[in-house]
Amino acid sequence: MSDTPNPHPSHTPAQPGAQVPPDASPEEREAAQAAHEASQPDPLAAAQAELALLQAKSADLADQFLRAKAEAENARRRADEEVSKARKFAVESFAESLLPVCDSLEAGLAIQNATPEQIREGAEATLRQLKSALERHKVLEINPAAGTRFDPHQHQAISMVPAEQEANTVVGVLQKGYLIAERVLRPALVTVAAPK
């Protein structure tokens, strides 16, 4: 036996990914190629698996979207119902506070032989009830005193009159105005001092 290495090794199966020597037999080359292809994933199978995963994610996201859309629609519908109820019943508390005023007027009219003093006294009491009901609901008078600076946001000038006071100040109130929650419900009708 010689000590020189055999230039043609015996037929040993090629390992996956192993280099095939250039002088390998065709069978060795074929085996190495088959082993190499077996170790590589099938690109079609990988693409199909990825497609299935993406389709599942897409279906999940579509389901989440539909649920969120339905929840938003339900919330909007409930809010619309609440606004509708608030509009419908907003006047309820105010109307309830006016009922005693109505009762007082009816009671006053039911007295057959009332004296003018009794009528006046009943009217004043009823007016106090009405003003109290208005104040409870933040309806406040605009009744500027004479000499108050004219405020176009709360006053409406009916005429300018000569007066001894400073120009553009209120001389007299022809009709009271009213605020509701700091918003002008009706401006006060006033006469204003003319420039001298």
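Everything here concerns the structure above.
All values derive from a computational prediction rather than experimental measurement.

Caption draft 1: Inspection of the overall build of the chain at higher detail. For the chain, the count of helices and strands is four helices and six strands. Of the regular secondary structure in the chain, the N- to C-terminal order runs α-α-α-α-β-β-β-β-β-β. Relative to its full complement of 196 residues, the chain shows a buried share of 12%. In the chain, 54% of the contacts between residues at least 6 apart in sequence involve partners at least 24 apart. Working note: accessible area of the chain is about 15,600 Å², and carbon and sulfur atoms make up 58% of it.

Caption draft 2: A look at the side chain of Ser-97. Along the chain, the position of Ser-97 falls in helix α3 (residues 92-110). Engagement of the side chain of Ser-97 in a polar contact is seen with the backbone oxygen of Phe-94, the distance being 2.7 Å. If sequence neighbours within four positions are ignored, Ser-97 has contacts with Ala-133, Arg-136 and His-137.

Caption draft 3: The arrangement of the pattern of salt bridges in detail. Tallied over the full model, the rule gives eight salt bridges. Glu-166 is paired through a salt bridge with Arg-149; the nearest N and O atoms lie 3.5 Å apart. Taken as a pair, Glu-166 in the loop between β2 (155-161) and β3 (170-175) and Arg-149 in the loop between β1 (139-142) and β2 lie far apart in primary sequence, 17 residues in all. The exposure class of Glu-166 is exposed, given its relative accessible area of 53%. With a relative accessible area of 48%, Arg-149 lands in the partly exposed category. By sharing partners, the salt bridges in this structure join Glu-73, Arg-76 and Asp-80 into a single network.

Caption draft 4: Geometry of the sheet that holds strand β6 (residues 188-193). What the three strands build is an open sheet, ordered β2-β6-β3; its pairing is mixed. The open sheet is flanked by β2 and β3, the only strands paired with a single partner. Geometrically, the sheet is characterised by an average inter-axis angle of 30° between neighbouring strands, direction not taken into account. The pairing of β3 with β6 spans four bridges and is classified as antiparallel. Bridging from a neighbouring strand, Gln-175 pairs with Leu-189 of β6.

Caption draft 5: Region of the structure containing the layout of surface pockets. Its boundaries defined by the atoms lining it, the largest pocket holds a volume of some 250 Å³. Surrounding the largest pocket, Ser-104, Leu-105, Ala-107, Gly-108, Leu-109, Ile-111, Ala-114, Gln-118, Ile-119, Gly-122, Ala-123 and Thr-126 form its lining.

Thresholds applied
- Residues numbered from 1 in each chain as written.
- Predicted model: local features only at pLDDT ≥ 70, side-chain atom pairs only at ≥ 80, totals over all residues.
- Heavy atoms only, no water.
- Helix = DSSP H or I, 4+ residues; strand = E, 2+ residues; numbered from the N terminus.
- Buried < 20%, exposed > 50% of the residue type's maximum accessible area, 1.4 Å probe, protein only.
- Contact = heavy atoms within 4.5 Å.
- Areas by Shrake-Rupley, 256 points an atom, 1.4 Å probe, with all protein chains shown as cover.
- Polar contact = N/O pair within 3.5 Å; in protein donor to acceptor, adjacent residues only side chain to side chain.
- Salt bridge = Lys/Arg side-chain N within 4 Å of Asp/Glu carboxyl O.
- Pairing = 2+ DSSP bridges.
- Axes fitted to C-alpha atoms, helices over the stretch in contact; angles between N-to-C directions.
- 1 Å grid on protein atoms, 1.4 Å probe; cavity = no way out; pocket = protein on both sides within 12 Å on 5 of 7 lines; lining within 4 Å.
- Points joined across faces, edges and corners; volume = space filled by probe spheres on them.

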